[in-house]
Amino acid sequence: DGGITQSPKYLFRKEGQNVTLSCEQNLNHDAMYWYRQDPGQGLRLIYYSQIVNDFQKGDIAEGYSVSREKKESFPLTVTSAQKNPTAFYLCASSIDRGIPYNEQFFGPGTRLTVL
Amino acid sequence: GESVGLHLPTLSVQEGDNSIINCAYSNSASDYFIWYKQESGKGPQFIIDIRSNMDKRQGQRVTVLLNKTVKHLSLQIAATQPGDSAVYFCAENAGGTSYGKLTFGQGTILTVHP
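**A short note on the side chain of Thr80(B)**
- For Thr80(B), the location among the structural elements is in the loop between strand 7 (72-77) and strand 8 (86-93).
- In contact with Thr80(B), not counting residues within four places along its chain, are Val13(B), Gln14(B), Glu15(B), Gly16(B), Asp17(B), Asn18(B), Ser19(B), Arg61(B), Leu110(B) and Val112(B).

**What about a nonpolar patch on the surface?**
Residue and element names in this part refer to chain A.
- Taken together, Tyr10, Phe12 and Leu115 make up a surface patch of nonpolar side chains, about 380 Å² in accessible area.
- Position of Phe12 relative to the elements: it lies in strand 2 (residues 10-13).
- Relative accessible area serves as the criterion here: at 49%, Phe12 is assigned to the partly exposed category.

**What about the pairing of strand 8 of chain B?**
Residues and elements named next belong to chain B.
- For strand 8, the tally of buried residues reaches eight of eight residues, placing the bulk of the element in the interior.
- When strand 8 meets strand 10 (residues 108-113), the two strands line up antiparallel, connected through three bridges. Looking at the pairing, Val87 lines up with Ile109 of strand 10.

**Describing the interface of chain B and chain A**
- At the junction of the two partners, chain B supplies 24 residues and chain A supplies 26 residues.
- Between chain B and chain A, the buried area comes to about 2,000 Å², and carbon and sulfur atoms account for 54% of it.
- Taken together, the links from chain B to chain A amount to zero salt bridges.
- Across the contact surface, chain B and chain A share three residue pairs in polar contact (both at pLDDT 80 or more).
- For the side of chain B that touches chain A, the secondary-structure elements that each account for two or more residues are strand 3 (32-38) and strand 4 (45-51) of chain B.
- Considering every element that reaches the side of chain B that touches chain A, the biggest residue donor is strand 3 of chain B, with four residues.
- Split by residue class, the side of chain B that touches chain A holds 11 nonpolar, nine polar and four charged.

Calculation criteria
Residues numbered from 1 in each chain as written. Chains lettered and ligands numbered in written order. Predicted model: local features only at pLDDT ≥ 70, side-chain atom pairs only at ≥ 80, totals over all residues. Heavy atoms only, no water. Helix = DSSP H or I, 4+ residues; strand = E, 2+ residues; numbered from the N terminus. Contact = heavy atoms within 4.5 Å. Patch = residues over 30% accessible without salt bridge, like charges linked within 9 Å, V, L, I, M, F, W, Y side chains within 5 Å. Areas by Shrake-Rupley, 256 points an atom, 1.4 Å probe, with all protein chains shown as cover. Salt bridge = Lys/Arg side-chain N within 4 Å of Asp/Glu carboxyl O. Buried < 20%, exposed > 50% of the residue type's maximum accessible area, 1.4 Å probe, protein only. Pairing = 2+ DSSP bridges. Buried area = accessible area lost by both parts, 1.4 Å probe. Polar contact = N/O pair within 3.5 Å; in protein donor to acceptor, adjacent residues only side chain to side chain. Nonpolar A, V, L, I, M, F, W, Y, C, P; charged D, E, K, R; others polar.

Here it is, written out as C-alpha cells:
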C-alpha cells in the first residue's frame, strides 16, 4: 500500500525541548516537503528537498531543521528556538525528477502541542 | 474567494446545488495550478489540476477554470454533497528548477447542508 506516513499523529512536548517528527514515503518520489498549518490558515513551507543529501529553506525555516539521508525519509526537528511551535505539521512528496507539472501527495499530518 | 487574513472565506450551499470556489493568484509566471481538498484533521487531497496552456479542465463532478488575464482560478463542484464539506485550497507552481514547489492560497471553507 503506497503512500506517505507521518508519526505520531499527536505529539506533546514541554517548552524548551527539541522534538523530531517522522515522515516516510514509499512512492519512490525524489522530492519531499514540510509544511506548517495554523488554525484557519493555509500551508506554509518550512523546508523542502529535491534529492537525497540536499535541502532548501522554505518561507518559515527559522527554528526548524531537517535531514535527507535516505530517499524515503525526511524527518523534521522542531527546535527550542522556534518561538511558537504548536501547529499541525504536514509532510508531502512529489516525483520531481526534472518533470514539470507534478502534484504533491500529503501525509496525514502530526499535531504538535507544546505545553 | 480566498484572501489574505486570519479568517478563511466561507461558502454554504444546500445539497444538490452547484458550488463555485474562487482563488486569486499573484505570480504571473505560475504555469501549473492544483486544487486540494482538506477534511478536518487530515492532510490535503488532490482534486484536479490545470496547466497554464489550458483555460478549462473537467473531472468527475469538478471543473477548474483558469483566467490568466486576471490571474484567477475557480473550482466548480456539481451537485454538491455533504461529503464535499471541507477546506479547499488552490496551489500554484512557478516552474523553473523547483518543479514540485507549490505556493498555497489561504483556503475556503465549504459547508454543505443536507
